[in-house]
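Next come the chains, spelled out residue by residue.
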Amino acid sequence: MTDSKYFTTTKKGEIFELKAELNSDKKEKKKEAVKKVIASMTVGKDVSALFPDVVNCMQTDNLELKKLVYLYLMNYAKSQPDMAIMAVNTFVKDCEDPNPLIRALAVRTMGCIRVDKITEYLCEPLRKCLKDEDPYVRKTAAVCVAKLHDINAQLVEDQGFLDTLKDLISDSNPMVVANAVAALSEIAESHPSSNLLDLNPQSINKLLTALNECTEWGQIFILDCLANYMPKDDREAQSICERVTPRLSHANSAVVLSAVKVLMKFMEMLSKDLDYYGTLLKKLAPPLVTLLSAEPELQYVALRNINLIVQKRPEILKHEMKVFFVKYNDPIYVKLEKLDIMIRLASQANIAQVLAELKEYATEVDVDFVRKAVRAIGRCAIKVEQSAERCVSTLLDLIQTKVNYVVQEAIVVIKDIFRKYPNKYESVIATLCENLDSLDEPEARAAMIWIVGEYAERIDNADELLESFLEGFHDESTQVQLQLLTAIVKLFLKKPTETQELVQQVLSLATQDSDNPDLRDRGYIYWRLLSTDPVAAKEVVLAEKPLISEETDLIEPTLLDELICYIGTLASVYHKPPSAFVEGGRGVVHKSLPPRTASSESTESPETAPAGAPSGDQPDVIPAQGDLLGDLLNLDLGPPVSAPPLAASSVQMGAVDLLGGGLDSLIGDSNFGAPPAAVTTAAAPARLGAPVSSGLSDLFDLTSGVGTLSGSYVAPKTVWLPAIKAKGLEISGTFTRQVGSISMDLQLTNKALQVMTDFAIQFNRNSFGLAPAAPLQVHAPLSPNQTVELSLPLNTVGSVMKMEPLNNLQVAVKNNIDVFYFSTLYPLHVLFVEDGKMDRQMFLATWKDIPNENEAQFQIRDCPLNTEAASNKLQSSNIFTVAKRSVEGQDMLYQSLKLTNGIWVLAELRIQPGNPSLTDLELSLKCRAPEVSQHVYQAYETILKN
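Residues numbered from 1 in each chain as written. Predicted model: local features only at pLDDT ≥ 70, side-chain atom pairs only at ≥ 80, totals over all residues. Heavy atoms only, no water.

- The name given to the protein in an unreviewed UniProt entry is AP complex subunit beta, and the organism recorded there is Cricetulus griseus.
- The Sequence similarities (unreviewed entry) comment attached to the protein in UniProt states, word for word, "Belongs to the adaptor complexes large subunit family." (UniProt positions renumbered as here; feature names shortened; annotations may be inferred.)

So this is what it looks like as structure tokens:
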């Protein structure tokens, strides 16, 4: 008979009957009754009234009955804490039972009962079990420590359990080692600052020895722990890799991915010239291929991880293209992922094979897949130049099929091919124009209009084609309207006599009849250009276009390095760092790959490093989302940014000069003395591929010595809480930052008639987690008319909640009379940290990476400072000048600062030092959290004017 019978009873008075059965003298009857109780509990009935009767059944030698009672206890202890204390004695007794299974069961249950009153009673039994002779009991006790730490961290630290856990890493039993590592990792995750897993070569050796004998989940814990270790040199890294490699042939895919993570991380430290490096690359391919023979869901996870691995080290799978060919019965999510990896692996050697496959896919029935396949053909053309001609002829064959969505995708990708290989494949334009009427998607229409405008001189009836689009101008999407406006202006500049009416028509439609600000602005710019200086208009609108880059969808290098450290976790499936999707108080630590050793730098050419840049200074990551404001203020920010890898020596630039006469014009040729007015927005693209080498470093020629810090600006104290509102207590104060520590300087005045004592202070949750780092200490009672001054140290590890305004701080102060509340605004510059100076290369890359809509412009009026004085003042408040240059009597300072939660703010400050009548400074700020900009500007104004 199965246990289902326990779930079928629906009698009235059931609780009463169960109570009688639980108190029965017969053991069998007792056991049956407890099973019925557990069954009722499982289906959601409230059987908490039976608590004392069930607890009485604990006094038994029967292991099955004991397990059932413990299960009941775990469930109801929280709602009946006073009753649960009755069970403590039994726990203590069971922890000394001769049977190790019972000892382990007792300690496991103790860890699951989350009741504060009971916790302190469990310390002694837990201490004994951690040193138990039986490894099964020790491994259970190790996990119990992590559970206990979650309930009461202070208690665990006071009782010395953490040290005992560290000792268990050296245990003789591999399962105990694995559980100890798992427990310490769990605790370390919730306390990122604590250095619990203090790994050294000796402990690593013990972990590697245990690795061979653990269960599969034990192996995963140990491998994840190894991945957080930083070997001291490449020899140690190689030795660890050699001992981890056998895990690649494990049957459990999680073990395989954890092993791949360790190897990918430590390969950074190996020189590419080593024979072992080549061997390791060969060994990594088969396990990854094997993962693709699992069920679709596992395949998808494997493919998302392989996508990252291929971006980091394409050589691992370069000979394995065939396994990524799509099968007819693959689900769509697997197909799309395989397609992505195929393009990443495409090279001259395998392009014929890939194109044949892609052409086949383009005749499938699944519309999304077909679209992606057509796009993939275009991406192959852009990536592998030798294949471009074959790709174009393949696309033309597909256009001949006249399948609407295939034609539209093909036109979109042909536009990109024209951008990559100008004056090469324009003979196909006639074929494209034949399909003009069938285009109904905005992206395809916009692409076709761009082609007609760009090659208007080769298309006899270009004006008629564009005019046909103009008829329904207001019904088109913004993308099409903008493209049409530009195309007609190009046509006019190429054939002015025939198209004057057409250009006037489109300009009036765009400016007078449109309510879209982007369209209106572009219309007015063209109108003014054409009316004032047609030659300049020609230079701007018909300027040479920059070639488009090969891989536009690559993950940004620093983010990729971080994601490699998270292979085999959710982060590697989402392709986002954990800080982007993990909520709550758990601190998320940014991980990064180990730095390359001297012997492995052969990949980077020496001339690409900027001459003036300090080599070791480059931060690994510019934290964006995670570090506090990002995830806790619910700001929707992009992924972390860093400089592109130096090996790719050209910086791609858009046609827009992001710094308004600033950085784009600085790169490349030595002609940077020219005024910015001469460097039009169209001239920048012509020099697009210029390497960022000596030009930048010469230009950013700053003195590298940093002046001595005089401490940041301190505002005078103001009254925060008037005596009339606080029964005679007046509080004035200000905020200061000195040598890395923030404090609140307070002045308390007693204007009442009675003595005040027992002061305490508390902050509400706030935007940056400001909290008192120590109690408010007023050493003597505050007599009437007496004033006391004191400094309250602050830290930024408190709870975080977005405030309005951002720098609002709500404070509660208590004394023997009452509790008083007030709010004040803290100046943001007290949160500017000392390591906020960004490397020059990094500054340039970051400025370009932050979207233009995040840029904010401000004016600081009446500030007659010269450049040096302004720079020094700002530096004393941790706003660091990264670079300086002069253009037409204007000095431009490029500056960076970093907030306590890791958010970077980049600034361009324009000063006119030679002209005493112009005392206004212009400030441009760029930041991934634009909410911060207004407050940073206020900080600038405060610092510069005081």
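### Overview of the nonpolar core
Part 1 of the argument: Of all hydrophobic cores here, the largest spans 212 residues; its most connected members are Tyr72, Val244 and Phe418.
Part 2 of the argument: In this structure Val244 touches Leu208, Leu211, Leu223, Leu226, Ala259, Val262 and Leu263, once residues within four positions along its chain are discounted.
Part 3 of the argument: If you look at the next biggest cluster of nonpolar residues, it comprises 62 residues, including Val778, Phe822, Val830 and Leu874. (Core = buried A, V, L, I, M, F, W, Y, C linked by side-chain atoms within 4.5 Å. Buried < 20%, exposed > 50% of the residue type's maximum accessible area, 1.4 Å probe, protein only. Contact = heavy atoms within 4.5 Å.)

### Some remarks on the packing of aromatic side chains
Part 1 of the argument: Tallied over the entire structure, the rule returns 13 aromatic pairs.
Part 2 of the argument: Arranged with centres 5.4 Å apart and planes meeting at 80°, the rings of Phe418 and Tyr455 form a pair that is edge-to-face. On the criterion of sequence distance, the pair formed by Phe418 in helix α24 (residues 404–420) and Tyr455 in the loop between α26 (442–454) and α27 (462–470) is long-range, its members being 37 residues apart. Across the pair, exposure class does not vary: Phe418 and Tyr455 are buried alike. (Phe/Tyr/Trp six-rings, centres within 6.5 Å; stacked < 30°, edge-to-face > 60°. Helix = DSSP H or I, 4+ residues; strand = E, 2+ residues; numbered from the N terminus.)

### A closer look at the packing of helix α19 (residues 296–312) against helix α32 (residues 557–564)
Part 1 of the argument: Where α19 meets α32, the axes come as close as 10 Å, and the angle between the chain directions of the two elements is 125°. Here α32 runs oblique to α19, going by the angle between their axes. Judged by the sense of rotation from one axis to the other, the crossing of α19 with α32 is left-handed. In this structure, α19 uses Leu308, Ile309, Gln311 and Lys312 to contact α32, whose residues at the interface are Leu560, Asp561, Leu563 and Ile564.
Part 2 of the argument: Here the residues of the contact of α19 with α32 are counted per class, giving five nonpolar, one polar and two charged. (Axes fitted to C-alpha atoms, helices over the stretch in contact; angles between N-to-C directions. Parallel < 35°, antiparallel > 145°, perpendicular 65-115°, else oblique. Left-handed = near helix turned anticlockwise from the far one by under 90°. Nonpolar A, V, L, I, M, F, W, Y, C, P; charged D, E, K, R; others polar.)

### Overview of the confidence of the model for the protein
Low pLDDT marks regions whose predicted coordinates should not be analysed in detail.
Part 1 of the argument: Residue-level pLDDT values for the protein average 79, and 84% of them are 70 or greater.
Part 2 of the argument: Segment residues 598–710 is flagged for pLDDT under 50; beyond a separation of four residues in sequence, or across chains, it makes 226 contacts in the model. (pLDDT = per-residue confidence, 0-100.)

### A look at the environment of Pro296
Part 1 of the argument: On the secondary structure map, Pro296 appears in helix α19.
Part 2 of the argument: Apart from the residues within four sequence positions on either side, Pro296 is in contact with Pro331, Tyr333 and Val334.

### Re a negative patch on the surface
Part 1 of the argument: Together, Glu464, Glu467, Glu471 and Glu501 make up a region of like negative charge exposed at the surface.
Part 2 of the argument: Locating Glu471 in the fold gives a position in the loop between α27 and α28 (478–494).
Part 3 of the argument: Look at Glu471 and you get exposed, because its relative accessible area is 70%. (Patch = residues over 30% accessible without salt bridge, like charges linked within 9 Å, V, L, I, M, F, W, Y side chains within 5 Å. Areas by Shrake-Rupley, 256 points an atom, 1.4 Å probe, with all protein chains shown as cover. Salt bridge = Lys/Arg side-chain N within 4 Å of Asp/Glu carboxyl O. Lys, Arg positive; Asp, Glu negative; His and termini not counted. Charge placed at Lys NZ, Arg CZ, Asp CG, Glu CD.)

### Description of the side chain of Lys261
Part 1 of the argument: Secondary-structure assignment places Lys261 in helix α17 (residues 253–267).
Part 2 of the argument: Classification of Lys261 by relative accessible area gives buried; the value is 5%.
Part 3 of the argument: Not counting residues up to four positions away in its chain, the partners in contact with Lys261 are Asp224, Ala227, Ile564, Cys565, Tyr566, Ile567 and Thr569.

### Observations concerning helix α2 (residues 27–42)
Part 1 of the argument: Taking 1.5 Å per residue, 16 residues should reach 22 Å; α2 reaches 23 Å between its end C-alpha atoms and fits that length.
Part 2 of the argument: Buried within α2 we find Lys31, Ala33, Val34, Lys35, Val37, Ile38, Ala39, Ser40 and Met41.
Part 3 of the argument: Those residues of α2 hidden inside the fold are in contact with α1 (14–22), α3 (51–56) and α4 (63–76).
Part 4 of the argument: At the exit of α2 stands Gly44, carrying a positive phi of roughly 100°. (Expected span 1.5 Å × (residues − 1).)

### A closer look at unusual backbone geometry
Among all residues except glycine, the phi angle is most often negative; among peptide bonds, the trans geometry is most common.
Part 1 of the argument: Cis geometry is found at the peptide bond from Glu804 to Pro805, where omega equals -5°.
Part 2 of the argument: By the element assignment, Pro805 lies in the loop between β6 (787–795) and β7 (808–814).
Part 3 of the argument: One non-glycine residue, Lys727, adopts positive backbone phi at about 50°.
Part 4 of the argument: Judged by relative accessible area, Lys727 falls into the partly exposed class, the value being 49%.
Part 5 of the argument: The backbone of Asp758 shows a phi angle near 50°, a positive value even though the residue is not glycine.

### Regarding the pattern of salt bridges
Part 1 of the argument: Tallied over the full model, the rule gives 35 salt bridges.
Part 2 of the argument: Ionic pairing is found between Lys751 and Glu730, a salt bridge with its closest N-O pair at 2.9 Å. Residue Lys751 is found in the loop between β3 (741–750) and β4 (760–763), and its partner Glu730 is found in strand β2 (residues 729–738); the two are separated by 21 residues along the sequence.
Part 3 of the argument: Relative accessible area serves as the criterion here: at 47%, Lys751 is assigned to the partly exposed category.
Part 4 of the argument: The partner of Asp835 in a salt bridge is Lys898, and the shortest N-O contact between them spans 3.5 Å. Taken together, the residues Asp835 in the loop between β8 (819–825) and α37 (840–849) and Lys898 in strand β11 (residues 890–898) connect sequence positions 63 residues apart.
Part 5 of the argument: What makes Asp835 partly exposed here is its relative accessible area of 48%.
Part 6 of the argument: With a relative accessible area of 16%, Lys898 lands in the buried category.

### Overview of the sheet that holds β6
Part 1 of the argument: One open sheet accounts for five strands, arranged β1-β2-β3-β6-β5; its pairing is antiparallel. Two strands in the sheet have a free side with no partner beyond their single neighbour: β1 (718–721) and β5 (771–772).
Part 2 of the argument: Judged from the two bridges that link them, β5 and β6 form a sheet pairing that is antiparallel. Bridge pairing links Ala771 to Asn795 in β6. (Pairing = 2+ DSSP bridges.)

### Remarks on the sheet that holds strand β13 (residues 921–927)
Part 1 of the argument: On the basis of which strands lie adjacent, the open sheet formed by five strands has the order β9-β13-β12-β11-β10 and antiparallel pairing. Strand pairing shows two members of the sheet lacking a second neighbour, β9 (855–860) and β10 (880–887), which therefore form its edges. Neighbour-to-neighbour, the strand axes of this sheet turn through a mean angle of 20°, independent of strand direction.
Part 2 of the argument: Helix-sheet contacts for helix α39 (residues 933–945) involve β9, β11, β12 (904–911) and β13, and the interaxial angle to β9 is about 25°.

### Here we look at the pairing of β9
Part 1 of the argument: Burial of the side chains of β9 is restricted to one face: Ala856, Phe858 and Ile860 are buried, whereas none of Glu855, Gln857 and Gln859 on the reverse face is.
Part 2 of the argument: Two strands pair when backbone bridges link them, and β9 and β13 are joined in this way by six bridges, in the antiparallel orientation. What sits directly across from Phe858, in β13, is Leu923.

### Observations regarding helix α10 (residues 135–151)
Part 1 of the argument: Between its first and last C-alpha atoms α10 spans 25 Å; for 17 residues at 1.5 Å apiece the expected length is 24 Å, and the two agree.
Part 2 of the argument: Turning to α10, its buried residues number three or more, namely Val137, Arg138, Lys139, Thr140, Ala141, Ala142, Cys144, Val145, Ala146, Leu148, His149 and Ile151.
Part 3 of the argument: Elements in contact with the buried residues of α10: α7 (100–112), α8 (116–119), α9 (123–130), α11 (153–158), α12 (161–168) and α13 (174–190).
Part 4 of the argument: Two or three places before Tyr136, at the start of α10, stands the capping residue Asp134, its side-chain oxygen 2.8 Å from that residue's backbone nitrogen. (Polar contact = N/O pair within 3.5 Å; in protein donor to acceptor, adjacent residues only side chain to side chain.)

### Focus: the pairing of β6
Part 1 of the argument: With eight bridges joining them, β3 and β6 adopt antiparallel strand pairing. Bridged to Ser743 within β6 is Pro793.

### Examining the packing of α7 against α9
Think of two packed helices as two axes; the pair is described by the angle between the axes and how far apart they sit.
Part 1 of the argument: For the pair α7 and α9, the least separation of the axes is 10 Å and the interaxial angle reads 130°. Between α7 and α9, the interaxial angle falls into the category oblique. When the axes of α7 and α9 are compared, the crossing they make is left-handed. Contacts between α7 and α9 involve Arg103, Val107 and Met110 from the former and Pro125, Leu126 and Cys129 from the latter.
Part 2 of the argument: For the contact of α7 with α9, the residue count by class is five nonpolar, no polar and one charged.

### Here's the deal with the state of the cysteines
Part 1 of the argument: On inspection of all chains with the given rule, the structure shows zero disulfides.
Part 2 of the argument: Note on Cys129: no disulfide assigned, nearest cysteine sulfur contributed by Cys95 at a separation of 4.1 Å.
Part 3 of the argument: Since its relative accessible area comes to 0%, Cys129 is described here as buried. (Disulfide = S-S within 2.5 Å.)

### Quick look at the environment of Asp224
Part 1 of the argument: Mapped onto the secondary structure, Asp224 falls in helix α15 (residues 216–227).
Part 2 of the argument: In the structure, Asp224 is positioned 342 residues away from Tyr566 in sequence and 9.2 Å away in space, judged by C-alpha atoms.
Part 3 of the argument: Aside from chain neighbours lying at most four places away, what touches Asp224 is Ser258 and Lys261.
Part 4 of the argument: Engagement of the side chain of Asp224 in a polar contact is seen with the side chain of Ser258, the distance being 3.4 Å.

### Topic: the environment of Asp97
Part 1 of the argument: Among the secondary structure elements, Asp97 is positioned in the loop between α6 (88–94) and α7.
Part 2 of the argument: Separated by 36 residues in sequence, Asp97 and Asp61 have C-alpha atoms that sit 9.8 Å apart.
Part 3 of the argument: Excluding its chain neighbours within four sequence positions, the residues that come into contact with Asp97 are Ile102 and Arg103.
Part 4 of the argument: A distance of 2.8 Å separates a polar atom in the side chain of Asp97 from the backbone nitrogen of Asn99.

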